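# Structural overview for review
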Amino acid sequence: MFDWIHALPLWAAKIGAILLFAGVLATVWSLPEDFVYFGAPDRRRWRDLRVWATVLLAVQCGIYYVF
Amino acid sequence: MDNLLSFTRTEVSWIDLGLLFVYFAGITVYGYLFKSRVHSSRDYFLAGRSLPWWIIGMSIIGTNIGSNDYVGGAGGAYRIGMAQANFEWIGAIPAMIIAAFIFIPFYWRAGVFSIPEYLGRRYSEAVRVIAALILSLFSVLIVGVFLWATALMLQTYLGWPILLSIVVTAGVVGLYTVSGGLAAVAYTDAVQLVIMFTGAVVVAVIGVNAAGGAANFAAQLQERFPDHLHAFLPSTHDEFPWPGVLLGLGLVLSPAYWCTNQAIMQRCLGARTEWDGKASMMFAALAKTFVPLLIVLPGFFALLLAPERLGVPDQALPWVVKNLLPPGVSGLLFVAFIAALQSSISSTLNSASVMVTRDIIGVIRKRRPDDAQELRLGRWITLAALVVGIFCAPLTAQFRGIYVYVQQLLSFFQGPIFALLLMGILFKRITPKAGFWSLLLGLAFAAALGIAGLNMLYMAFWSFVASVLLLFIISAFTRPKSASELEDLSYTSVVKEAVDV
């Protein structure tokens, strides 16, 4: 079923992983700011969950780049 | 499951026993105190929608981590190295972020108590009942597995009889779960998570010191076991080929688990605001990032420090406990194991109760019970689920590798249910009839793939793809719900409302 993938080198997996993280990040940043803050008691920068997502995904990119 | 039996120490110190006693007494009293907060079914099932993001985040990870993660995670790291961490990283973090931004706002704003209830509102009551039946059946089965695992550990570590161990565990968890509901579960989960992380950090520090310090530890791994430092395994690998990890785990199984698991999502539905619900999952993702360090490291310690190769990889953690940990610390780790299991049991019981009470009995009964009756019924169902779990627990011994078996069974229905949720949220054109038939046919297709012997990662992926295709094909020939019926249930309506406000 996935025979054609077997021919790909292992680094293709790393690229696939980083593309997945980039896709999630792009999705998150495409959301309106009002939607992200909806329900928050104030609009302080630390409550911007897109920033949280960016930090989390940057760590993941680093991990999969190294390993 | 058998690997837990090897967790025997030659003697148990009074410090270890004291820690265990303090834990059992403390968690029971602390959990029971939440009984006074419960006055309605909303208080019981959703903690009165009062939970802050940090408590929910800790509770999510407490529910997520079981003893199998400790023992199996260390064993996996010993056997295949860093690739074991894929379940915690690529197999969790992206899906948790998607759950936070895409799924939680819909569930929270719809005001539902459960995932099947959301499916019922989006599609039909038939879809709701089928989904609730599948999910609650597995919940009760898993409670039995967790009870058996805890009993085995108490038996092997303390010498308690199995039956007594099951009854004590069920008694402690049952007391606060039946009486205090979700608030008791979430707050005790948070305490249990602190215990788990403390135990794991202490083990990590002792292990790294035994290996000659952090620099020496890393250098030795690099020199002696370079293959263990790759996150991805070749595409020809039997268990975890990288295409399966990316497509099956990363794109289907992981989002299906993190976006549709009732035990995980229920505490998010109890968030005090929508932002708290979203933030809780992000906070849980932060904690999840560090979980591999805690469960993978012991496997590496055994790899470097054991004088000879271990016969069974899952012996890695028991080897570390027996050979590296002093009295007191081993007791702390044992308490962490018990805490991990109890948090999973309480969360699963609570989620099974809400689904049986509201999504099965509540739908099938013609006359809806009032709130006081529903609260009473919820407590009885929780107790009943615990009792059924107690009777199911010994059955676990009849199946070798039941835990893996349960994971494989989960992959039968996660693809179709995830397809219904994702497409239902994203596309208003998806119809109720398409939801019903795609669920049934998707389950049948997954079963056929499983019988054909397909790897569970690929099975989840293809059953998801088949369900998505069926949803669109059947929707083309059937009538969708009106825009007013889909208010607060679709992506465009929820985002638009937030922007308008």
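Since the model is a prediction, treat every value here as computed from it, not as a measurement. Along each chain, residues carry numbers from 1 onward, in the same order as the chain's sequence is written. Key to labels: chains lettered from A, ligands numbered from 1, both in the order written. At least 70 in pLDDT is required for a residue's local features to be given in this predicted model, at least 80 for side-chain atom pairs to be given and counted, and no such filter applies to totals for whole chains, interfaces and linings, which use all residues. Hydrogens and water molecules were not included; the side-chain quantities draw on all heavy atoms of the structure.

This part covers the overall build of chain A. Here a helix means four or more residues in a row that DSSP labels H or I, a strand means two or more in a row labelled E, and each is numbered from the N terminus. Secondary structure summary: chain A contains four helices and zero strands in total. In chain A, the order of α-helices and β-strands from amino to carboxyl end is α-α-α-α. For 67 residues, the compact-globule estimate of 2.2 N^0.38 gives 11 Å, and chain A exceeds it by more than 25% at 16 Å. If you line up chain A on its principal axes, its C-alpha atoms span 50 × 25 × 15 Å. The buried share of chain A, reckoned over its 67 residues, is 39%. Total accessible area on chain A is roughly 3700 Å²; 70% of this is exposed by carbon and sulfur atoms. Here the positive residues are Lys and Arg and the negative ones are Asp and Glu; neither His nor the chain ends is included. One atom stands in for each charge, and that atom is NZ of Lys, CZ of Arg, CG of Asp or CD of Glu. Averaging the positions of the 6 positive and the 5 negative side-chain charges in chain A gives two centres separated by 8 Å. Restricting the calculation to C-alpha atoms gives the radius of gyration, and the globule rule supplies 2.2 Å times the number of residues raised to the power 0.38. For every residue, the accessible area (1.4 Å probe, protein chains only) is compared with the maximum for its type, and the residue is labelled buried under 20%, exposed over 50%, or partly exposed between those bounds. Throughout, the Shrake-Rupley method with a 1.4 Å probe supplies accessible areas, and for residues the shown protein chains are the sole cover considered.

Here we come to the overall build of chain B. Looking only at helices and strands, chain B features 20 helices and zero strands. Here the C-alpha radius of gyration of chain B, 22 Å, is about what a compact globule of 501 residues would show, namely 23 Å. Each principal axis of the C-alpha distribution contributes one length, and for chain B these read about 70 × 55 × 45 Å. Within chain B, the proportion of its 501 residues that are buried is 65%. Contacts were defined at the residue level, with two residues in contact if any of their heavy atoms lie within 4.5 Å. Taking as baseline every contact in chain B between residues at least 6 positions apart, the subset at least 24 positions apart corresponds to 84%.

What follows concerns helix 11 (residues 242-260) of chain B. Residues spaced three or four apart along an α-helix point in a common direction, a consequence of the helix completing one turn every 3.6 residues. The sharpest bend along helix 11 of chain B measures roughly 45° and falls at Leu 249 of chain B. Of all 19 residues that make up helix 11 of chain B, 16 are buried, and the element is covered over most of its length. To obtain the bend at a residue, axes are fitted to the seven residues ending there and to the seven starting there, and the angle between these axes is taken.

To continue, consider the packing of aromatic side chains. Residues and elements named next belong to chain B. Pairing of aromatic rings covers Phe, Tyr and Trp, the last through its six-membered ring, and needs centres within 6.5 Å; plane angles under 30 degrees mean stacked, over 60 mean edge-to-face, and all others mean tilted. Scanning all chains against the criterion turns up 25 aromatic pairs over all chains. Between Tyr 257 and Trp 258, the aromatic rings sit 5.0 Å apart at their centres with planes inclined by 85°, giving edge-to-face as the arrangement. Classification of Trp 258 as buried rests on a relative accessible area of 2%. Look at Phe 427 and Phe 472: their rings are 5.3 Å apart centre to centre, the planes differ by 75°, and that puts the pair in the edge-to-face class. In this pair, Phe 427 sits in the loop between helix 17 (402-426) and helix 18 (432-451) while Phe 472 sits in helix 19 (residues 456-476), placing the two residues 45 residues apart along the sequence. Residue Phe 427 is classed as partly exposed on the basis of its relative accessible area, which comes to 36%. Of the residues examined, Phe 472 reaches a relative accessible area of 38% and is grouped as partly exposed.

This part covers the confidence of the model for chain A. What pLDDT reports is the predictor's confidence in each residue, on a scale of 0 through 100. When pLDDT is averaged along chain A, the result is 89; 96% of the residues meet or exceed 70. Averaged pLDDT values for the elements of chain A fall to 71 in helix 1 (residues 3-6) of chain A and rise to 94 in helix 4 (residues 49-66) of chain A.

Our focus in this paragraph is unusual backbone geometry. All names here are of chain B. One non-glycine residue with positive phi stands out, namely Ala 47, at about 55°. A positive phi is found at Arg 49, a non-glycine position, where the angle reads about 50°. Position of Arg 49 relative to the elements: it lies in the loop between helix 3 (41-46) and helix 4 (53-64).

If you look at the interface, chain A gives 38 residues, while chain B gives 45 residues. Summing both partners gives a buried area of about 3800 Å² for chain A against chain B, and 81% of it is carried by carbon and sulfur. Using a 1.4 Å probe, buried area is obtained as the accessible area two parts lose upon being combined, added over both of them. Of all residues in chain A, Phe 35, Phe 38 and Phe 67 of chain A bury the most surface against chain B, accounting for 20% of the area lost on that side. By salt bridge we mean one thing: a side-chain nitrogen of Lys or Arg within 4 Å of a carboxyl oxygen of Asp or Glu. In this structure, the connection of chain A to chain B is made through zero salt bridges. We define a polar contact as two N or O atoms separated by no more than 3.5 Å, with the added condition that, inside protein, one atom must be a possible hydrogen donor and the other a possible acceptor, whereas residues neighbouring each other in sequence contribute only through side-chain atom pairs. At the surface where chain A touches chain B, the tally comes to eight residue pairs in polar contact (both at pLDDT 80 or more). Those elements that place two or more of their residues in the side of chain A that touches chain B are helix 1, helix 2 (11-29), helix 3 (33-37) and helix 4 of chain A.

Across all of its chains, the model carries 16 salt bridges over all chains by this definition. The partner of Arg 128 of chain B in a salt bridge is Glu 125 of chain B, and the shortest N-O contact between them spans 3.5 Å. In this pair, Arg 128 of chain B and Glu 125 of chain B are both assigned in helix 8 (residues 125-158), three residues apart and thus about one turn of the helix distant. Its relative accessible area of 40% is what places Glu 125 of chain B among the partly exposed residues. Because the salt bridges share partners, they merge into one network encompassing Glu 33, Asp 34, Arg 43, Arg 45, Asp 48 and Arg 50 of chain A.

For the rest of this paragraph, the subject is the nonpolar core. Formed by 199 residues in total, the largest nonpolar core has its most connected members in Tyr 70, Ile 97, Phe 101 and Met 281 of chain B. Among the elements that take part in this core, helix 8 of chain B stands out by supplying 20 residues, more than any other. When residues no more than four places from it in sequence are discounted, the contact partners of Ile 97 of chain B are Val 24, Val 28, Ala 53, Leu 56 and Leu 57 of chain A together with Met 282 of chain B. Working definition of a nonpolar core: buried Ala, Val, Leu, Ile, Met, Phe, Trp, Tyr and Cys residues. They are joined through side-chain atoms within 4.5 Å.

This next bit is on the environment of Phe 391 of chain B. All names here are of chain B. Structurally, Phe 391 is set in helix 16 (residues 371-392). Look at Phe 391 and you get exposed, because its relative accessible area is 64%. Counting along the chain gives 190 residues from Phe 391 to Val 201, while the straight-line C-alpha distance between them is 36 Å.

Okay, the packing of helix 6 (residues 93-110) of chain B against helix 13 (residues 274-305) of chain B next. Residue and element names in this part refer to chain B. Axis separation between helix 6 and helix 13 bottoms out at 9 Å; the angle between their running directions is 160°. If you check the angle between helix 6 and helix 13, you find them roughly antiparallel. Here the hand of the crossing between helix 6 and helix 13 comes out right-handed. Contacts from Ile 93, Met 96, Ile 97, Ala 99, Ala 100, Phe 101, Ile 104, Pro 105, Trp 108 and Arg 109 of helix 6 reach helix 13 at Glu 274, Gly 277, Lys 278, Met 281, Met 282, Ala 284, Ala 285, Lys 288 and Thr 289. Classification used: nonpolar for Ala, Val, Leu, Ile, Met, Phe, Trp, Tyr, Cys and Pro, charged for Asp, Glu, Lys and Arg, polar for all others including Gly. Considering only residue class, the contact of helix 6 with helix 13 consists of 13 nonpolar, two polar and four charged. A fitted line through C-alpha atoms serves as each axis, taken over the contacting stretch for helices, and the angle formed by two N-to-C directions is quoted from 0 to 180°. Under this scheme an angle from 65 to 115 degrees is roughly perpendicular, one under 35 degrees roughly parallel, and one over 145 degrees roughly antiparallel; angles in between are oblique. In this scheme the handedness of a crossing depends on how the near helix is turned from the far one: anticlockwise by less than a right angle means left-handed, clockwise means right-handed.

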